[in-house]
Amino acid sequence: MVKKRLIFTLLYNDGGFMLSRNFRLQRAGNIEWLKTNYDFKNIAFTIDELIILDVSRNERNIKRFCDHIKLIGEECFIPISAGGGITSPEHAKAILNSGADKLVVNSALYNKQDFIRELVSIYGSQCIIGSVDVKKQKNDFEIYIDNGSVKIELPLSEHIEHIISLGIGEIYINSMDKDGTGHGYMFDLLIKLNNITNVPIIIAGGAGNWHHLIDGLQHDIVDAVATANLFNFIGNGFPNARTQLLNSEINLAQWESKGFIELKNSLKRHVSS
Amino acid sequence: MIVIVDYGMGNLFSIQSAIRYLGAESIITSDRNIISTADRIILPGVGSFYRAMEHLHTTDLVKVLRESVIYGKIPILGICLGMQLMGLSSTEDGFREGLGLVDCLIERFDVQKSEGLKIPHVGFDTVTMTHKSRLFDGLDAQVDFYFTHSYRMKYTEQPYGVGICFHGEPFIAAFEKEHICGTQFHPEKSQTNGLLLLKNFIKNF
């Protein structure tokens, strides 16, 4: 049986990596900071998948974003999904050629649907993640596109049904209310997703500690939990969270994370000995 | 030299990064002379079987791959679609013959048997190895790897070692027939489990 997944989302904005709270961004550092000071590999070696989103509020520099995907991918041995403002086949191709395995699309699901169909036909459903940003409003949810800046007038269930019919392979649903709060996931959302059985669901927004990750993964409908908060799981936060999840009998993949140190350059020693 | 075959299909960058992490160098090429004199060949691939075989024919790589592996005895590792291409044939996008390096058929998952299961089969899943294997040296008998595919190598009993995964039905997730190896999963995307397997392929063959 396919395992459940723990996902980390990196938010990229104009050469920097960001903290987000209710979609307001604060810069944490650049790629050097991420690799050296922040020691990102500690996280990369304990998660099942990585998502990198270009949430640049100004004009996006695609080449520079792709260079960042490559730099992160050099020492990251898990599937990588990337996206943010993908609007052309060339943009999609540049991302995949930089080492990403899947594409994340959001606004185009609403305003460029033929383009989404085209991506599905070129790369297959398994390559396309449909991302949906929502805000709670009374008993329903409002959908926002363009980095949470534009509200669209569609009921959530209708939008979800529609994007599945476009052929996307996974849904990444992010609560803007919970984003960056560390108060736990927005579980009211799951009621709206209850009848989706054939497309994996990733929930995002609000995870502050490992209890929240367990709360998410314990729902049958949830295939993966994501967190984009750079500081809620700092240091050994992720390795510890993973251990707690495995101890709680969450069906996660297992590997020896200490092995990374032994494996690095191990063939060099083999050749020289 | 470790050669990663470039025939225009798939994620070559990640495989090269994983090999570099292990401390070895590799070359990405479609040059027939370099392939035929390689120490090891890695055949990657993502996408449609039919199109991939077409690319291998138009770049004139079918013959050099078969000769290097069958007569030259160069160890080869096929990954994902690259593994499927080593089989006899596939029905993806219409019937097409493969490289014929192993006696296996590729077909879509049997949807009836996989009722209630999602296709494509995506994510980490557990592989059980049937025989002692150089490729799986140092790994547990049951080990998790990352998969993403809709077609699979049909399970039939084989005289050589195979890794079996179960998705509604058993299918061949890995094989090791002397120096001819394949993995349906992505070792370059499977954390230390995959890195160790890649290291085994480079060190033990």
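Rules behind the numbers
- Residues numbered from 1 in each chain as written.
- Chains lettered and ligands numbered in written order.
- Predicted model: local features only at pLDDT ≥ 70, side-chain atom pairs only at ≥ 80, totals over all residues.
- Heavy atoms only, no water.
- Helix = DSSP H or I, 4+ residues; strand = E, 2+ residues; numbered from the N terminus.
- 1 Å grid on protein atoms, 1.4 Å probe; cavity = no way out; pocket = protein on both sides within 12 Å on 5 of 7 lines; lining within 4 Å.
- Points joined across faces, edges and corners; volume = space filled by probe spheres on them.
- Nonpolar A, V, L, I, M, F, W, Y, C, P; charged D, E, K, R; others polar.
- Contact = heavy atoms within 4.5 Å.
- Buried area = accessible area lost by both parts, 1.4 Å probe.
- Salt bridge = Lys/Arg side-chain N within 4 Å of Asp/Glu carboxyl O.
- Polar contact = N/O pair within 3.5 Å; in protein donor to acceptor, adjacent residues only side chain to side chain.
- Buried < 20%, exposed > 50% of the residue type's maximum accessible area, 1.4 Å probe, protein only.
- Arc of directions from axis to C-beta.
- Disulfide = S-S within 2.5 Å.
- Axes fitted to C-alpha atoms, helices over the stretch in contact; angles between N-to-C directions.
- Parallel < 35°, antiparallel > 145°, perpendicular 65-115°, else oblique.
- Left-handed = near helix turned anticlockwise from the far one by under 90°.

Draft legend 1. Region of interest: the environment of B:Lys154. Summarising the element assignment, B:Lys154 is placed in strand 10 (residues 151–154). Separated by 50 residues in sequence, B:Lys154 and B:Cys104 place their C-alpha atoms 6.7 Å apart.

Draft legend 2. Region of interest: the layout of surface pockets. In this structure, the largest pocket encloses a volume near 1,300 Å³. For the largest pocket, the lining is made up of 45 residues, of which A:Ile122, A:Tyr123, A:Gln126, B:Val46 and B:Gly47 are closest to its centre. At four residues, helix 6 (residues 113–123) of chain A tops the list of elements feeding residues into the lining of the largest pocket. Looking at the lining of the largest pocket, its residues break down into 18 nonpolar, 17 polar and 10 charged.

Draft legend 3. Quick peek at the interface of chain B and chain A. In this complex, chain B contributes 34 residues to the contact, which on the side of chain A involves 43 residues. On the chain B side of the contact with chain A, B:Tyr21, B:Phe124 and B:Gln191 bury the most area, a combined 26% of that side's loss. One can count three salt bridges joining chain B with chain A. In this structure, B:Lys189 engages A:Asp101 in a salt bridge whose closest nitrogen and oxygen atoms are separated by 2.8 Å. Remark: the boundary between chain B and chain A carries 18 residue pairs in polar contact (both at pLDDT 80 or more). Breaking the side of chain B that touches chain A down by element, the ones donating at least two residues are helix 1 (12–21), strand 8 (121–129), strand 9 (142–149) and helix 6 (191–204) of chain B. Ranked by the residues each element gives to the side of chain B that touches chain A, the list is headed by helix 6 of chain B, at eight residues.

Draft legend 4. Molecular detail of empty space enclosed by the protein. For the structure on display, the rule yields three cavities of 30 Å³ or more. Here the largest cavity is characterised by a volume of approximately 50 Å³. What lines the largest cavity is simply A:Gly73, A:Cys76, A:Phe77, A:Ile80, A:Ser98, A:Gly99, B:Phe13, B:Ser14, B:Glu188 and B:Lys189. When grouped by side-chain class, the residues that make up the lining of the largest cavity number four nonpolar, four polar and two charged.

Draft legend 5. Spatial organisation of helix 6 of chain A. Residue and element names in this part refer to chain A. Residues Phe115, Ile116, Leu119 and Val120 constitute the buried set of helix 6. Take helix 6 and look down its axis: the buried residues cluster within an arc of 140 degrees, on one side only. In helix 6, the exposed residues that point more than 90 degrees away from the buried face are Asp114 and Ser121. Residues of helix 6 that are buried in the fold lie against helix 4 (89–96), strand 6 (102–105), helix 5 (108–111) and strand 7 (128–137). At the exit of helix 6 stands Gly124, carrying a positive phi of roughly 90 degrees.

Draft legend 6. How the structure looks around the side chain of A:Ser20. Residue and element names in this part refer to chain A. As for its position among the elements, Ser20 is in strand 2 (residues 16–21). Judged by relative accessible area, Ser20 falls into the buried class, the value being 11%. Within the structure, Ser20 has its side chain in polar contact with the backbone nitrogen of Phe23 (distance 3.4 Å). With sequence-adjacent residues up to four places away left out, Ser20 is seen in contact with Leu11, Leu25, Asp179 and Gly180.

Draft legend 7. Structural context of the pattern of salt bridges. Residues and elements named next belong to chain A. In this structure the tally under the stated criterion is 26 salt bridges over all chains. Asp54 is the salt-bridge partner of Arg60, the closest N and O atoms lying 3.8 Å from each other. The exposure class of Asp54 is buried, given its relative accessible area of 2%. Close ionic contact of Asp114 with Arg117 constitutes a salt bridge, the shortest N to O distance being 2.8 Å. Remark: Arg117 and Asp114 occur in helix 6; sequence separation between them is three residues, near one turn of the helix. By relative accessible area, Arg117 is classed as partly exposed at 39%. One network of salt bridges, in which partners are shared, links Arg5, Glu49, Lys102 and Glu170.

Draft legend 8. Fine view of the state of the cysteines. With the rule as written, the count across this model stands at zero disulfides over all chains. Take A:Cys127: it sits in no disulfide, and the sulfur closest to it among the cysteines is that of B:Cys80, at 12 Å. The class of A:Cys127 is buried, set by a relative accessible area of 5%. Just so you know, B:Cys104 is unpaired, no disulfide at all, and the nearest cysteine sulfur is the one on B:Cys181, 13 Å from it.

Draft legend 9. Highlighting the packing of helix 9 (residues 210–217) of chain A against helix 10 (residues 237–247) of chain A. Residue and element names in this part refer to chain A. Look at helix 9 against helix 10: their axes get within 9 Å of each other, and the N-to-C directions meet at 40 degrees. The angle between helix 9 and helix 10 places the two elements in the oblique class. Note that helix 9 runs across helix 10; the crossing there is right-handed. Here helix 9 contributes Trp210, Leu213, Ile214 and Leu217 to the contact with helix 10, which in turn contributes Ala241, Gln244 and Leu245. Looking at the contact of helix 9 with helix 10 residue by residue, the classes come out as six nonpolar, one polar and no charged.

Draft legend 10. A look at helix 4 of chain A. Residues and elements named next belong to chain A. Where helix 4 is concerned, the buried positions are His91, Ala92, Ile95 and Leu96. Relative to the axis of helix 4, the buried residues are bounded by an arc of 135 degrees and lie together on one face. Looking at the buried positions of helix 4, the neighbouring elements they touch are helix 3 (62–73), strand 5 (80–83), strand 6 and helix 6.

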